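# Architecture at a glance
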Amino acid sequence: MNLKVRHSLEYQYNFPVVLENHILYLYPRFYPHQRLLDYTLLVDPLPSKIVKNIDAESNVQHVAYFFRQPVSRLFVEAVITIRSEPVNVFDFVLFPFESSKIPFLYENRIFKYLIPYLDKSDVTVAVEQFARNIAEQVHWETTPFLVELSQRIANNFIYQNRIYGTAYPPDDTLRDKMGSCREFTRLYMAACRSVGIAARFVSGYLYGNPMQAHELHAWAEVYLPGAGWRGFDPTEGKVVENRHISMGASADFDQLAPVTGSFLGFTNSSLITRLDITSVQ
């Protein structure tokens, strides 16, 4: 199927400001089952220069540089058309075979690249116990653990729509049994890392779920020997197939905002966002 995404953000300022450079994560990542068909980016006021980069984690970023003149608004809009093919996420063989059980060790040649995705800063006693209880129930089998962990969060936690602010720590989400997709993903990552599975945060869009139809979505990807990065969505309790469009992936949960930047001036600001995802021919 073809999916068309229109995502706009408008910042309004009470008093004119001078815009510093802004970093945009509004360009889709490449996946074998997804192909970019069309892309347009509109920035108003017109930047003096836009540079397209690949960041340290292989995400496409645009860096917008602005003329040094006062403005009262900043408008950014990306229109994306993606061809998304059905994919069997479980079509892989874990190799070495020992990795079918957790905990396992990554080969040295791979481990050195995965160190940031194994960071345990978010792992607490409560998070580790939560993960171990699930692992014991599935007899420490890797793939069943990843599926059950996703379903456990989706089925037993209350979804809370919270667009702004940083994602709460996994301990808070675990205690309250409540959170946004970002909180659920942060908890999922911490639980995976607690048993030695490399995990990263993914920001993007989800088609077909009314709950996420008009806002950014977040989910997790884990690195499996023999399978590479595979996606799991703890908000939906499902694997990531062809309805998710990834805009960025990071070892950190707070590095993938669609627009990041600053301005010079004294003012209050407001943000209006709009997101529409449709299936097109």
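The structure we're discussing is the one just above.
First things first, this report covers the structure right here in the doc. If you're wondering where the values come from, they're calculated on a predicted model, not measured in any experiment.

One pair of aromatic rings is described through two measures. These are the centre distance and the angle between the planes. Inspection of every chain in the model, using the stated rule, returns 11 aromatic pairs. Between the aromatic rings of Tyr223 and Trp229, the centroid separation amounts to 5.3 Å while the plane-to-plane angle is 75°, which identifies the pairing as edge-to-face. Judged by relative accessible area, which is 19%, Tyr223 ranks as buried. Chaining the aromatic ring pairs together yields one cluster made of Phe104, Tyr106, Tyr117, Tyr223 and Trp229.

Right, let's talk about the packing of helix H2 (residues 125-137) against helix H3 (residues 142-156) for a bit. The contact between H2 and H3 brings their axes to 9 Å, and the two run at 125°. When the interaxial angle is binned, H2 and H3 end up oblique. Of the two elements, H2 crosses H3, and the hand of that crossing is right-handed. Each of Phe130, Ala131, Ile134, Ala135 and Gln137 in H2 lies in contact with H3, whose residues at this interface are Phe145, Glu148, Leu149, Arg152 and Ile153.

With that settled, consider unusual backbone geometry. Along the chain, Asp44 connects to Pro45 via a cis peptide bond; the corresponding omega equals 10°. Despite not being glycine, Ser58 has its phi angle at roughly 70°, a positive value. Looking at the secondary structure, you find Ser58 in the loop between strand S3 (49-54) and strand S4 (60-65). Although it is not a glycine, Trp140 sits at a positive phi angle of roughly 60°. Take Trp140: it is sitting in the loop between H2 and H3.

Attention shifts here to the nonpolar core. Ranked by internal contacts, the top residues of the largest apolar core, which has 47 residues, are Phe145, Leu146, Leu149, Tyr188, Cys192, Ile197 and Val222. At the level of elements, helix H1 (108-114), H2, H3, helix H5 (181-194), strand S8 (199-206) and strand S9 (217-224) are the ones that each hand at least two residues to this core. Element by element, the count of residues in this core is highest for H5, at eight residues. Counting residues in hydrophobic clusters, the runner-up holds 27 residues, among them Phe66, Ala78, Val259 and Leu275.

Residues spaced three or four apart along an α-helix face the same direction, because each turn holds 3.6 residues. For H3, with 15 residues, the first-to-last C-alpha span of 21 Å sits near the 21 Å given by 1.5 Å per residue. Considered for burial, the residues of H3 that qualify are Thr142, Thr143, Phe145, Leu146, Leu149, Ser150, Arg152, Ile153 and Ala154.

The next thing to look at is a nonpolar patch on the surface. Among the surface-exposed residues, Val93, Phe95 and Phe97 lie close enough to one another that they form a single nonpolar patch of about 350 Å² accessible area. Tracing the chain through its elements places Phe97 in the loop between strand S5 (71-84) and H1.

Reading the values: rules and limits
- Residues numbered from 1 in each chain as written.
- Predicted model: local features only at pLDDT ≥ 70, side-chain atom pairs only at ≥ 80, totals over all residues.
- Heavy atoms only, no water.
- Phe/Tyr/Trp six-rings, centres within 6.5 Å; stacked < 30°, edge-to-face > 60°.
- Buried < 20%, exposed > 50% of the residue type's maximum accessible area, 1.4 Å probe, protein only.
- Axes fitted to C-alpha atoms, helices over the stretch in contact; angles between N-to-C directions.
- Helix = DSSP H or I, 4+ residues; strand = E, 2+ residues; numbered from the N terminus.
- Parallel < 35°, antiparallel > 145°, perpendicular 65-115°, else oblique.
- Left-handed = near helix turned anticlockwise from the far one by under 90°.
- Contact = heavy atoms within 4.5 Å.
- Core = buried A, V, L, I, M, F, W, Y, C linked by side-chain atoms within 4.5 Å.
- Expected span 1.5 Å × (residues − 1).
- Patch = residues over 30% accessible without salt bridge, like charges linked within 9 Å, V, L, I, M, F, W, Y side chains within 5 Å.
- Areas by Shrake-Rupley, 256 points an atom, 1.4 Å probe, with all protein chains shown as cover.
- Salt bridge = Lys/Arg side-chain N within 4 Å of Asp/Glu carboxyl O.

Such coordinate-based values are descriptive only and should not be taken to indicate function.
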